[in-house]
Structure formats: C-alpha cells, structure tokens
Amino acid sequence: MTATIIDGKALGTKVREEVAASVAELGHVGLATVLVGDDPASHIYIDLKQKAAQQAGMEARDLKLPSHTSEEALLATIAELNADDAVDGLLVQLPLPDHIDENRVIEAIAPAKDVDGIHPINAGRLYLGRPSLVPGTPLGIMRMLDEYEIPLEGARAVVVGRSAIVGKPMAHLLLQRNATVTICHSRTQDLERHTLDADVLVAAVGRTHLISADMVKAGATVIDVGMNRDEDSRKVLGDVDPSAMDEAAYMTPVPGGVGPMTIAMVLQNAVTAARLRRPEAVASPKN
Ligand code: NDP
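Because the structure is a prediction, the values reported are computed rather than measured.

Asker: Outline the packing of aromatic side chains, supporting the account with residue identities and numerical values.
Answerer: Under the counting rule described, the total for this entry stands at one aromatic pair. Aromatic side chains Tyr148 and Tyr250 sit 6.2 Å apart centroid to centroid with 70° between the ring planes, which places their arrangement in the edge-to-face category. Taken together, the residues Tyr148 in the loop between helix H6 (136-147) and strand S5 (156-160) and Tyr250 in strand S11 (residues 250-251) connect sequence positions 102 residues apart.

Set out below in structure tokens:
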C-alpha cells in the first residue's frame, strides 16, 4: 500500500482564500504580532505570518522589540494592544528571552484576542469541550482529517507528545469527536505497542524519524507534526520515517503537511476573534 498524501500546502491555500473572503466580508480584521529578541527561527515564523495576514487583506501590525525589553514593558505593550479596538487578534511569538516570565505574558493576552489559543481560559474551554480559540496546529490537523473524510468517531487515536501547544489540545479535539484517545510521551513504556494500535496517529515529538514504518498499523492515518532540521543536509525532517507511507492509508508529508496549515489556521483564528468581538457578525460565522 502507498499512502494518499494529505496535501497541507493545497489545503492551507484554500483556507487562506476562505480567510481572505471573510476579511473582505467583515471589512476589517486586525492582527498584531509581537516578537521579542533576535531568534532567527522566530523571525522567520513571524515574517511568514505577517506576509500571510497581509495577503489575506488583514491589517497586520508587526511589533519587533529588542531582546533587552523588560517584562513590564512587554506587558504594557500587550495591555495597549488588548485595549486597541482595531486589533482583533494578538499573538506573542514564543520562546521569550529568559528574563521574561512566559506564563505571565500569556495570561496578560486578552482571551478574546488570543489567536494562538494558549491563554488558560481558552485551554480550559477546550478541556471542557467549549472551544473558542484553539491552537493553530491541532486545529489545522482537524481540518485536514475532515477534508480527507477520515473517520474519527470510535477510532483509536494516539497522540505522541503532550505539549500545551500541540499534543494536549490535539488529544482534546480528537476526544471531542468521539475518538478513543491515548497520549504518549517521553516516559511511555513500549511506545510501539500504542502506536501499532492507532487508526489515527499524530506524532508531535521533535525527534527525527522516531516513528518507523514498523510502528504504524496498516491502513492508519498518520499526521507528522515534527519539523526537525537536519544538521548535514539542512533539510526539515519529520518525526515519522517516510517509509511509513508503505503502511499508512493517509499521511502528511514534511514539509508541505502540517506546517502550512498552522499559519492558515492562525489567520482563521483572527477571523474567528473578529467575529466573536462583533455581535452583529456572529449570526452567520463561516470560520
Ligand atoms: P515539545 O518539545 O514541547 O514536546 C515534545 C513532546 O514529545 C513532549 O511531550 C515529550 O514528552 C515528547 N517526547 C519526547 N521524546 C519522546 C520520545 N522518545 N517518545 C515519546 N515522546 C517523546 O514540542 P512541541 O509539541 O512544541 O513540538 C513537537 C514537534 O512539532 C517539533 O518538531 C516542532 O518543531 C514541531 N512543530 C511543528 C509545527 C508545525 O506547524 N508543523 C508547530 C509546532 C511544533 P515529555 O512531555 O515527557 O517531555
């Protein structure tokens, strides 16, 4: 068997077109991004989000603050953006420099503008099955699963990784759709025993090719979140060995799978946030 490729690039483009149509309909959607310091990867991520937001017709505000910015100054900036009516969505790029308390910053973001879905209020809503703003990566994965009509009800889903931004919200979204969910992590014993049971396997670990073909059940749907830079080739490699394509029925490639969906869904969250903030527009939400 050779898996059908789940094309995140094409679907990401489709979502971005939907977002652009929603922005045109709403008239204005504002997204502000805040970056502190000069981490090169963070600069790339922010520039991609800024470009995508502009292409979708949003008012994209790009705040880049020096690495010595104090926690108080950052909190003051967030408070200003929270109060600014032209800003519908607000994200602070992580990681922050060591001298800044990340949790304090996350909790300072207005939950209604939290397009990364990481404020405890939004995480709690997801836990309770009443999500409003959900982190872009797991949200994008759900969209991919739906687009390819992967059955979830009653399916065995295994999520490898339990981070707050990917693994945990992923598990909750799958649970909400009535999958039977197992979460694996670095202390899981006999990982293969779990992964081999998975109808839907999500790998969000950050270890190149940790999941080999013989850890994948024949006919499974495999979602590879990993983005691991190979030091020699400089290529981005996934957490799943590409030879798993021979076992899986559906699989995401790396690159071109989950990555492009994440950015698209952050934009979609900005539209959701804009709709939530405008009661008159909530009646017919498309996003
Ligand atoms: P984290 O480092 O926050 O979490 C990694 C998780 O993997 C942890 O829960 C850890 O367990 C678990 N883990 C580590 N080693 C093993 C192992 N040997 N067996 C089983 N579980 C293990 O990473 P993120 O969730 O932020 O990201 C995961 C990957 O996804 C990275 O490669 C990242 O670059 C990528 N990513 C890609 C995105 C995209 O848009 N494509 C978006 C976000 C992330 P424990 O909790 O016990 O430490």
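Asker: Tell me about the site of the ligand, and please be specific about residues and values.
Answerer: Close to the ligand lie 21 residues, the nearest being Arg162, Ser163, Ser186, Val225 and Thr262. Side-chain polar atom of Ser186 to an oxygen atom of the ligand: 2.6 Å apart, as the coordinates give it. Contact with the protein chains hides 71% of the accessible area of the ligand, taken as 930 Å² for the molecule alone. Looking at which element gives the most residues to the shell around the ligand, the answer is helix H9 (residues 258-277), with three residues. For the shell around the ligand, the per-class residue count stands at nine nonpolar, 10 polar and two charged.

Asker: Tell me about the sheet that holds strand S3 (residues 59-65), and please be specific about residues and values.
Answerer: Overall, parallel pairing links the three strands, which are arranged S3-S2-S4 in an open sheet. Both edges of this open sheet fall to S3 and strand S4 (89-92), since each of them pairs with a single strand only. Direction aside, neighbouring strands of the sheet carry axes that sit 15° apart on average. Where strand S2 (residues 30-36) and S3 come together, seven bridges link them in parallel fashion. By the bridge assignment for S3, Ala32 is matched with Arg61. Each of S2, S3 and S4 is contacted by helix H3 (residues 71-83), which is oriented at about 170° to S3, the strand it contacts most.

What counts, and at which threshold
The residue count restarts for each chain, going from 1 along the sequence in the order it is written. Owing to the predicted nature of the model, reporting of local features is limited to residues with pLDDT of at least 70; listing and counting of side-chain atom pairs is limited to 80 or more, with chain, interface and lining totals taken over all residues. Only hydrogens and water are removed before side-chain values are computed, so all heavy atoms of the structure are retained for them. Only Phe, Tyr and Trp rings take part, Trp by its six-membered ring, and two of them pair if their centres are within 6.5 Å. Stacked means planes under 30 degrees apart, edge-to-face means over 60, and tilted covers everything else. Secondary structure counts use DSSP, requiring at least four H or I residues in a row for a helix and at least two E residues in a row for a strand, with both numbered from the N terminus. We call a residue near a molecule or strand as soon as one heavy atom of that residue lies within 4 Å of the molecule or strand. Polar contact criterion, stated in full: a pair of N or O atoms within 3.5 Å, where within protein one must be able to donate a hydrogen and the other to accept it, and residues adjacent in sequence count only if both atoms are side-chain atoms. Areas reported as accessible are Shrake-Rupley estimates using a 1.4 Å probe. Residue values count occlusion only from the protein chains shown. Under this grouping Gly is polar, as are all residues other than the nonpolar Ala, Val, Leu, Ile, Met, Phe, Trp, Tyr, Cys and Pro and the charged Asp, Glu, Lys and Arg. Note on pairing: DSSP must find at least two bridges between two strands before they are called paired. Here the axes come from fitting lines to C-alpha atoms, over the contacting stretch only for helices, and the angles between their N-to-C directions go from 0 to 180 degrees. What makes two residues a contact is simply this: any of their non-hydrogen atoms within 4.5 Å.

Distances and angles like these do not, on their own, reveal function.
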